[in-house]
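Each chain is listed here by its residues.
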Amino acid sequence: LMSVADCPGSSSAQAGRAAACQGCPNQRLCAAGAAAPDPAEADELRERLSGVKHTVVVLSGKGGVGKSTFSALLAHGLAADEAKQVALLDIDICGPSIPKMMGLEGEQVHQSGSGWSPVYVEENLGVMSVGFLLSSPDDAVIWRGPKKNGLIKQFLRDVDWGEVDYLIVDTPPGTSDEHLSIVQYLSAVHIDGAVIITTPQEVSLQDVRKEINFCHKVKLPIIGVVENMSGFICPKCKNESQIFPPTTGGAEKMCQNLNVPLLGKVPLDPQIGKSCDKGQCFLSEAPESPATSSYRNIIQRIQEYCDQHHFQEEKII
């Protein structure tokens, strides 16, 4: 019986050929190297994304931990500097919540001679999502893997991204088709790394460990982990309650054990959910909230990581 832990990963030279690959439904695909973009495709992607300076992928092992919320606020936080051009790509094909969170529900994608145009929230913040391609927000996208992969490739190859300082990629939960596709297609250019979102309880951390393992397997650098819903500070009495008790030490202990940076902890604030539902930016709606302060510190750490990464690459070149 194949052990999933023994999978060499689709980008490995042993992909489809290792003993652990026997009986895997993707064996032929991996062995043929079909998972990676062919050289002509890689050149196309490289040309289209040549203006993108930094790429950050937002991951989580589990749904409902605040990944899209974090992606939206990271984009808003980075775009607060008007000199920076920011793009937010939503590859959660079956559950695209970014259009609503960014106040863009009902918007459509426009096509020009240079490709699809992102939908802009501000002059320096563009968004692309499958949500813009649906006739109604209630439409279900019932697709198998290859069709999802095709759309992700289209988003990277056919969207006129232009000159972008930060491309933020919001992914669905898990370590599946969409994640492999985005890592492989972006390998033609460059990914700064992944930010992994969790909540404090063991049920969430269990899936995040898998996500960290996925990053190691596909050689995706980990910028760090963010612990969302990390306690609730009562706005009246200022006491803190643990809504999701960290029974195994929370993200902090997990990060120490796995030698991964903890970027920060964000406390629960009911205003975050309200702002997302209204398509407003929580950071500017609640500037005094402890959660806003946490988000701003985390965003600053991500910026510093990207700048350092860029500097190291320039030195190598």
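Relevant structure appears above.
Source: prediction; values computed, not measured.

Caption draft 1: Up close: the overall build of the chain. The secondary structure content of the chain amounts to 11 helices and 12 strands. Out of the 317 residues belonging to the chain, those deemed buried represent 49%. Sequence-distant contacts, at least 24 apart, represent 75% of the contacts inside the chain between residues at least 6 apart. On the chain, roughly 15,500 Å² of surface is accessible, and the fraction owed to carbon and sulfur atoms is 50%.

Caption draft 2: Fine view of the sheet that holds strand E6 (residues 125-129). An order of E5-E6-E2-E7-E1-E8-E9-E12 is seen for the eight strands of this open sheet, with the pairing classed as mixed. Each end of this open sheet is capped by a strand with a single partner; those strands are strand E5 (119-122) and strand E12 (262-265). Each strand axis lies, on average, 20 degrees off the axis of its neighbour in the sheet, ignoring direction. Bridge count for strand E9 (residues 222-227) against E12 is three bridges, and the pairing is parallel. Paired with Val225 across the bridge in E12 is Leu262. On the sheet, helix H7 (residues 202-217) packs against strand E1 (52-59), strand E8 (193-198) and E9 and is oriented at approximately 170 degrees with respect to E8.

Caption draft 3: Looking closely at the packing of H7 against helix H8 (residues 250-258). Two elements in contact, H7 and H8, have axes separated by 11 Å at closest approach and are oriented at 35 degrees. Once H7 is placed against H8, the crossing between them reads as right-handed. Mapping the contact onto sequence places Leu205, Val208, Arg209 and Ile212 in H7 and Gly250, Ala251, Met254 and Leu258 in H8. Among the residues forming the contact of H7 with H8, the class breakdown is six nonpolar, one polar and one charged.

Caption draft 4: Structural view of the pairing of E8. Burial within E8 is extensive, with six of its six residues counted as buried. Because side chains alternate across E8, one face comprises the buried residues Gly193, Val195 and Ile197, and the other comprises Ala194, Ile196 and Thr198, equally buried. Pairing analysis gives four bridges linking E1 to E8, with the strands arranged parallel. Note on E8: the bridge partner recorded for Val56 is Gly193. Direction of pairing for E8 relative to E9: parallel, over a ladder of five bridges. The partner of Thr198 across the bridge, within E9, is Glu227. Note that the unit made of E8, H7 and E9 has a crossover that is right-handed.

Caption draft 5: Region of interest: the pattern of salt bridges. Enumeration according to the criterion identifies 12 salt bridges in this entry. A salt bridge links Lys148 to Glu178; the nearest nitrogen and oxygen atoms lie 3.2 Å apart. With Lys148 in helix H5 (residues 145-158) and Glu178 in helix H6 (residues 177-186), the pair connects residues that are 30 residues apart, well separated along the chain. For Lys148, a relative accessible area of 14% corresponds to the buried category. Judged by its relative accessible area of 6%, Glu178 is buried. With a shortest N-O distance of 3.4 Å, Asp207 and Lys210 are connected by a salt bridge. Separated by three residues within a single helix, Asp207 and Lys210 lie in helix H7, roughly one turn from each other. Sharing partners across several salt bridges, the network here consists of Lys62, Asp207 and Lys210.

What counts and how
All residue numbers here refer to positions counted from 1 along the written sequence of the relevant chain. Given that this is a predicted model, residues contribute local features only at a pLDDT of at least 70 and side-chain atom pairs are listed and counted only at 80 or more, while totals for whole chains, interfaces and linings are drawn from all residues. The basis for the side-chain values is all heavy atoms of the structure; hydrogens and waters are excluded. Secondary structure elements are defined from DSSP: runs of H or I of at least 4 residues count as helices, runs of E of at least 2 residues count as strands, and each element is numbered from the N terminus. Per-residue accessibility, obtained with a 1.4 Å probe over protein chains only, is compared with the maximum for each type, and a residue is labelled buried under 20%, exposed over 50%, and partly exposed between these values. Contact criterion: two residues are considered in contact whenever any of their non-hydrogen atoms come within 4.5 Å of each other. For every accessible area listed, the method is Shrake-Rupley and the probe measures 1.4 Å; residues are considered covered only by the protein chains on display. By this definition, two strands are paired if DSSP reports at least two bridges between them. Whenever a helix is involved, its axis is fitted only over the stretch in contact; in every case the axis is a line through C-alpha atoms, and angles between N-to-C directions fall within 0 to 180 degrees. Should the near helix be turned counterclockwise from the far one by less than a right angle, the crossing is left-handed, whereas a clockwise turn marks it as right-handed. In this classification, Asp, Glu, Lys and Arg are treated as charged, Ala, Val, Leu, Ile, Met, Phe, Trp, Tyr, Cys and Pro as nonpolar, and every other residue, Gly included, as polar. The definition of a right-handed crossover adopted here requires that, viewed with the strands pointing away, the path from the first strand over the helix to the second runs clockwise. Salt bridges are identified by distance alone: a Lys or Arg side-chain nitrogen within 4 Å of an Asp or Glu carboxyl oxygen.

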